[in-house]
Every structure is written in structure tokens, then in C-alpha cells.
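Topology and contacts: notes
The chain contents come next:
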Amino acid sequence: MSKIFITRPYLPERKKLDAYIDKIYKSNWLTNNGPLVQEFEKRLSEYLGVKYILPVANGTLALMVAYKVLGLRGEVITTPFSFVATTSSLVWEGLKPVFADIDLQTFNIDPNEIEKHITDNTSAILPVHVFGNPCDTDSIQRIADKYNIKIVYDAAHAFGVKRNGKNILNYGDISILSFHATKLFHSIEGGAIIFKNKKYYKTAKAMINFGIEKGEITGVGINAKMNEFQAAMGLCNLDDADKILRNRKEMFSYYYENLNGVVQLQKFDPESYNYSYVPVMFKSEEELLKVEKALNEVEIFPRRYFYPSLNSVSVPQNEKKLISEDISKRILCLPTFYDLKVTEMDRCIDIIREALT
Ligand SMILES: *Cc1c(COP(=O)(O)O)cnc(C)c1O
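Residues numbered from 1 in each chain as written. Predicted model: local features only at pLDDT ≥ 70, side-chain atom pairs only at ≥ 80, totals over all residues. Heavy atoms only, no water.

With respect to the overall build of the chain
Along its length, the chain carries twelve helices and 16 strands. Relative to its full complement of 357 residues, the chain shows a buried share of 55%. Within the chain, contacts between residues at least 6 apart in sequence are counted, and of these 70% link residues at least 24 apart. Here the chain displays about 16400 Å² of accessible surface, and carbon together with sulfur accounts for 51% of that area. Here the chain carries 45 positive and 44 negative side-chain charges, and the mean point of each set is 4 Å from the other. (Helix = DSSP H or I, 4+ residues; strand = E, 2+ residues; numbered from the N terminus. Buried < 20%, exposed > 50% of the residue type's maximum accessible area, 1.4 Å probe, protein only. Contact = heavy atoms within 4.5 Å. Areas by Shrake-Rupley, 256 points an atom, 1.4 Å probe, with all protein chains shown as cover. Lys, Arg positive; Asp, Glu negative; His and termini not counted. Charge placed at Lys NZ, Arg CZ, Asp CG, Glu CD.)

What follows is the structure in C-alpha cells.
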């Protein structure tokens, strides 16, 4: 039996990608805001329904540039239940992550916990739409308004998520996406920054190109540019995005029907979810380890997203984050990717059910 990993990058039709690569050979334009990156930016803006979006080299740089554009300093309140880049990007930029605990059911940052941690040094809130599940954006906005601080959403998982017909990327001052190969939608490596206003977009556009604007150095920048090959992959995958999203939902539903009652799932609104991951929660870490071992024995490799809780590793803080530490010990993400077969999901489901009886 073949190995099944947590994910497998989606590959578009080879012919279509080749046609874009032919274009690159003709234009001889490989990077520096080339024609394909410009086309990708326009298409993303239309597809996602966002006004100001800037494609960049990856999601981590997107976060770092977002902090710079907003001039963040001091402390940033964030979630301990996320991928390490959420926290490490802050530390890398000389900002202090202050962790607020999460909600037991949605796995997202708890607004009440955010407010408890605000000090005179807080300059922003950095929530994550965990597994594509939108945060309580209204409460978070109220807190930001009350204390006059910024919001950057790490929306790395939230491609294609809408609420009340509006894309989730339209909330906060800035949102970022990751287009890494393992994400639901990808451009090999890549990402994007989404801005509420045009001023930030323009500043960021210079920043990602060494601070150079129309040939002049206008400030300190970095190199966070997306290249033409990334854009070519992104353009191909964008054509297939609806298909990929539908496929994810079907897979999620299949797991859900067959594991409901056996494991606990994230609380979500079916209208505002992209089904990008299949996170299942066990009663205890012992139970999780037992299931993981049984799956590994038949060459199925789920992943412990997100383990451990980031407050216990990146910047050890004395304060415990009880819910995040508890949940991170009990969640396993099951394999889900475009060409995963029903028989493979069955193998996975059977082993889980067996291990738990
Ligand atoms: C993947 C991911 C990132 C980093 O994105 P890259 O494109 O891999 O740099 C940041 N935050 C979260 C929550 C992620 O899952």
C-alpha cells in the first residue's frame, strides 16, 4: 500500500503551465513585477473580491512587511495556537508577542483574552483564522477601535473564505495569505498582502522592492518580490480554485460523516469555511498518540497541527495558556488533498475507529 501523507501539492494541467512558461521565455522577464505577476495581482483581486492586494515571495515575508507598513512597535497580541511563523515573524522584527488564549470550540483567539493583555505598549493584534475558520472580527475590531491599535490578520489558511458575501480578507487593517505548496491554493512558494487602504498598498509595493519606487530610493525596504514562475503556477491554479474548494468540502464531509461522534471537530459556520484542513480532536493526548501510532503503522502520516502551543516554545512566557496547551496536545490533522481517494479516506477512518474501541 502506498504512503499517504497529510498533504500533496496540487499540480495544474501541464500544457497550461507550459504555455505560461513559453510566455516567460518570449518576454525574457523573470522577476521585478513582470507581466504575469501583474496579471496574477489583477486576477486575485477579482477572484477574492479585494481592492488592494500585493503578491509577494511567501507568507512569512507578507507578515513582516505588514508590520513595517503599519509601523508596529512594542507588543503585539497574538494566538499561541498557530504555525510558528505567526510568532517568529514578530520576534524577527523586534516585536514582542503577547499570547492571548483561544476559544475551546473555534480554536481562534478569544477576544476577552485579548482585552486582558492590552498595555500602553500594545500596538496591534495579530489573530489567525485557524484552519480557515474566521475569527470574531466584530469583537476584535471593537477592541482595536477602543484602544486605537492596528489589526493584522494571519489569513494563511483562509483562501476563499467569505462571510455575508464579503471576503474575510476585507477585515482589519491588513490580512496576509500564504501560497505555499502545501496550502489549499498555491504558487509553489508565495503569498499576498491585502490592505484596507491604498496608501498602505503603495508603501508596501516600494518596500518589497528594496524601498525603490519609480527608480528612486524612498525608504528602507526588503526583497519580497514574487517572480514570474510563481505567478505562472498561481495563474494556472486560480483557474482551478473553485474545483479545488469543492473537492475539499466533499472530502471534509466524508470524514465528518464517518467520524462524527468518534472525535470532536472544530466549531464552524458552513457558510464561512474553506474545509482546507481536517483537524480532529481526541479526548486525551494518550488517545491521539495511540491513533497516530496505528496510522503510522499502515503508512498513513497525519500531522499534529499545531503542536506544541507556541507560548511554550518560541518565547517562553511564565503565563500558562491552558486552552491552547490542552488543545494542541489533542489535535491531529488528517490527510486531505486534491487526489486523495475515498478508499484511502476509508483506510484512515477504519484505523481511527478501530484504535478507539
Ligand atoms: C503557512 C503559514 C504561514 C507562512 O507562510 P509561508 O508562505 O510558508 O511563509 C504563516 N502563518 C500560518 C498560520 C501558516 O499556516
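Topic: unusual backbone geometry
Residue tyrosine 305 is joined to phenylalanine 306 through a cis peptide bond whose omega torsion reads -5°. Position of phenylalanine 306 among the secondary structure elements: in the loop between β15 (300–301) and α11 (322–328). Cis geometry is found at the peptide bond from tyrosine 307 to proline 308, where omega equals -5°. Looking at the secondary structure, you find proline 308 in the loop between β15 and α11. The backbone phi angle of phenylalanine 131 is positive, close to 55°, even though this residue is not glycine. Within the secondary structure, phenylalanine 131 sits in the loop between β5 (122–126) and α6 (137–147).

Side note on the site of the ligand
The ligand sits among 14 residues. The nearest are Thr60, Asp154, His157, Ser178 and Lys183. Measuring from a nitrogen atom of the ligand, one finds a side-chain N or O atom of aspartate 154 at 2.8 Å. Note that an oxygen atom of the ligand is positioned 2.7 Å from one of the side-chain N or O atoms of serine 178. Protein contact buries 92% of the 380 Å² of open area that the ligand shows by itself. (Near = heavy atom within 4 Å. Polar contact = N/O pair within 3.5 Å; in protein donor to acceptor, adjacent residues only side chain to side chain.)

So, the sheet that holds strand β3 (residues 75–78)
Note on sheets: strands pair through backbone hydrogen bonds, and any given pair is parallel or antiparallel. Taken together, the seven strands give an open sheet; going across it, the order is β2-β10-β9-β6-β5-β3-β4, and neighbouring strands pair in mixed fashion. Lying at the two open borders of the sheet, with one neighbouring strand each, are β2 (52–56) and β4 (96–99). In this sheet, neighbouring strand axes are inclined to one another by 25° on average, regardless of whether the strands run parallel or antiparallel. With five bridges joining them, β2 and strand β10 (residues 191–195) adopt antiparallel strand pairing. Each residue of the ladder has a partner; that of tyrosine 52, found in β10, is phenylalanine 195. Along the sheet, helix α3 (residues 59–69) contacts β2, β5, β6 (150–154), β9 (174–178) and β10; its crossing angle with β9, the most-contacted strand, is approximately 165°. Contacts between helix α7 (residues 198–207) and the sheet are confined to β2, β6 and β10, with β2 contributing the most and set at about 20° to the helix. (Pairing = 2+ DSSP bridges. Axes fitted to C-alpha atoms, helices over the stretch in contact; angles between N-to-C directions.)

Here's the deal with the pattern of salt bridges
Any two side chains of opposite charge can pair, so long as their charged atoms come close to each other. A complete count under the given rule lists 14 salt bridges for this structure. When the shortest N-O distance is used, the salt bridge between arginine 8 and aspartate 339 registers 3.3 Å. With arginine 8 in the loop between β1 (4–5) and α1 (14–27) and aspartate 339 in the loop between β16 (331–333) and α12 (342–355), this pair connects stretches of sequence that are 331 residues apart. By relative accessible area, arginine 8 is classed as partly exposed at 48%. (Salt bridge = Lys/Arg side-chain N within 4 Å of Asp/Glu carboxyl O.)

Some thoughts on a nonpolar patch on the surface
On the surface, Tyr25, Leu30 and Phe229 cluster together into a nonpolar patch covering about 350 Å² of accessible area. Mapped onto the fold, tyrosine 25 is located in helix α1. With a relative accessible area of 67%, tyrosine 25 lands in the exposed category. (Patch = residues over 30% accessible without salt bridge, like charges linked within 9 Å, V, L, I, M, F, W, Y side chains within 5 Å.)

Let's talk about the packing of helix α2 (residues 35–48) against helix α8 (residues 228–239)
Where α2 contacts α8, the two axes come as close as 8 Å, and the packing angle between them is 35°. The way α2 lies across α8 gives a crossing that is left-handed. Between α2 and α8, the contacting residues are Pro35, Leu36, Val37, Glu39, Phe40, Arg43, Leu44 and Tyr47 on the first element and Glu228, Ala231, Ala232, Gly234, Leu235, Leu238 and Asp239 on the second. For the contact of α2 with α8, the class distribution of residues is ten nonpolar, one polar and four charged. (Left-handed = near helix turned anticlockwise from the far one by under 90°. Nonpolar A, V, L, I, M, F, W, Y, C, P; charged D, E, K, R; others polar.)

What to know about α6
Given 3.6 residues to a turn, an α-helix orients residues that are three or four positions apart in the same direction. All buried positions along α6 are accounted for by Thr137, Ser139, Ile140, Ile143 and Ala144. Taken down its axis, α6 places every buried residue within 165° of arc, on the same side. Facing away from the buried side of α6, by more than 90 degrees, are the exposed residues Asp138, Arg142, Asp145 and Lys146. Tucked inside the fold, the buried residues of α6 contact α5 (111–116), β5, β6 and β7 (162–163). Backbone geometry just downstream of α6 places asparagine 148 in the positive-phi region, at approximately 55°. (Arc of directions from axis to C-beta.)

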